[in-house]
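Descriptive structure summary
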Amino acid sequence: MRGFPKGVSKQDVRGQVWDCMEARNVADFPRPVHHRIPNFKGSSLACQNIEALEVFARAREVKVDPDKPLEGVRLLALQSKKTLLVPTPRLRTGLFNKITPPPGATKDILRKCATSQGVRNYSTPVGLDSRVLVDLVVVGSVAVSEQGWRIGKGEGYADLEYAMMVSMGAVSQGTPVVTIVHDCQVVDIPETLLEEHDLTVDYILTPTRVITTGCERPKPTGIVWSKISCEMMGKMPVLRSLRCREERAGKDVTLRDTHRSPPGARAALSSVRSPRALPSLESGSVQREDVPSCAVYVGNLPRDARVSELKRALSARGAAPSRLTWQGPQRRAFLHYRDPAEARQAVSRLQGFCLGANTAKVALARQQGASGPAGGRAGEPHPDP
């Protein structure tokens, strides 16, 4: 099991695991696996190992993340007539959906239901008031240790989903958590990297092993509201509903950046509706002109970078623009989005973005007003100096 030196960061661990999987050619579609929960060769074999777990045999309701390497577990859950719950993409329309195959579904239909497309076509939403009791949680990972420490792809959705399930009473500290990974993803993770909101795992399934971690570190006991931003609240209605519930119950639901908004829950939530009312949290990307920008500046690109390479990397980060202005000789590009909120979201997703060996400079592009400077066209974006 590979170890990491002192001072290592979660992103360092992710980067080394992603690089290793690509270099050893154990990565599988979709590739490259960077910035993803990586799919790998042998994932179906690893998924089959779940049948050896008693916790799977006795589970009635199973929550499985929508990641590609977990497809085999979703299929086994459906074939075993278990209730299968899958989180909605980025939690934008709710917490999770129940996968409901058509009556008399064949094995081929069940296979389709287990895919990401099937999750969209054969699911019904599960509301917060639904009486859900999840018996088993299956999550994807980028890296995991034999002690049960887990590192995801960095967006925090699996941790947040678990915390939300705790808040609605769907899981407890005794609910087992399983992850499916390649053997090379099992590494020695320093416990110092773990935070209170990080989800740990009880079982690790690889193509060759079934590891019982015996992890005794407590799992998240609910949503840590001080880690939640107003921007996240604006994107996830289900999170707003849970916050209102917990506020009524007398819990501290102060958000990470509440100080940027007027006091009171309603004011904090309404502020996210206007892009200008909520400056980006990222350094150097706050809008400084009166015209809201729908463009994002990406600079410090490699001299030999190609536009196709940039497009692929943006898509992998979930930040594909509706239009792209390529300025290769100036080692920069402008990404055009449909509205300022989408542009701000792209800036957030592209923090730490690398292309080749270069760490790109990413910021909202300054927008020229109607009476732009001499020689400049009105409404044209330009780099933020």
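Data block above holds the structure.
Residues numbered from 1 in each chain as written. Predicted model: local features only at pLDDT ≥ 70, side-chain atom pairs only at ≥ 80, totals over all residues. Heavy atoms only, no water.

1. Here's the deal with the sheet that holds strand β13 (residues 332-336)
Two orientations exist for strands paired in a sheet by backbone hydrogen bonds: parallel and antiparallel. Test applied: Any two strands are treated as partners once DSSP identifies two or more bridges connecting them. The secondary structure listing takes helices from DSSP runs of H or I that are at least 4 residues long and strands from runs of E that are at least 2 residues long, numbered from the N terminus. All axes are obtained by fitting lines to C-alpha atoms, using only the stretch in contact for helices, and the reported angles, taken between N-to-C directions, cover 0 to 180 degrees.
Overall, antiparallel pairing links the four strands, which are arranged β12-β13-β11-β16 in an open sheet. Single-partner strands in this sheet number two, and they are β12 (323-327) and β16 (361-364). Taken pair by pair, the neighbouring strands of this sheet meet at an average axis angle of 15°, ignoring direction. By the bridge criterion, four bridges tie strand β11 (residues 295-299) to β13 in an arrangement that is antiparallel. Within β13, the position partnered with Val298 by the bridge is Ala333.

2. Thoughts on the pattern of salt bridges
We count it as follows: In what follows, salt bridge is the name for a side-chain nitrogen of Lys or Arg lying within 4 Å of a carboxyl oxygen of Asp or Glu. Relative accessible area decides the class of each residue, using a 1.4 Å probe on protein chains only: under 20% of the type maximum gives buried, over 50% gives exposed, and in between gives partly exposed.
Here the structure, examined in full by the defined rule, presents 14 salt bridges. Linking Glu161 and Lys63 is a salt bridge whose minimum nitrogen-to-oxygen distance equals 3.0 Å. One end of the pair, Glu161, is in helix α7 (residues 157-167); the other, Lys63, is in strand β1 (residues 61-64), and 98 residues separate them in sequence. The exposure class of Glu161 is buried, given its relative accessible area of 5%. Look at Lys63 and you get buried, because its relative accessible area is 1%. Taken together, the shared-partner salt bridges in this structure form one network comprising Lys10, Glu195, Asp198 and Lys227.

3. Details of the environment of Val186
Within the secondary structure, Val186 is located in the loop between β8 (177-180) and β9 (203-205). Residue class for Val186 comes out buried when judged on its relative accessible area of 4%. On a C-alpha basis, the gap between Val186 and Leu205 in space is 9.9 Å, while along the polypeptide they are 19 residues apart.

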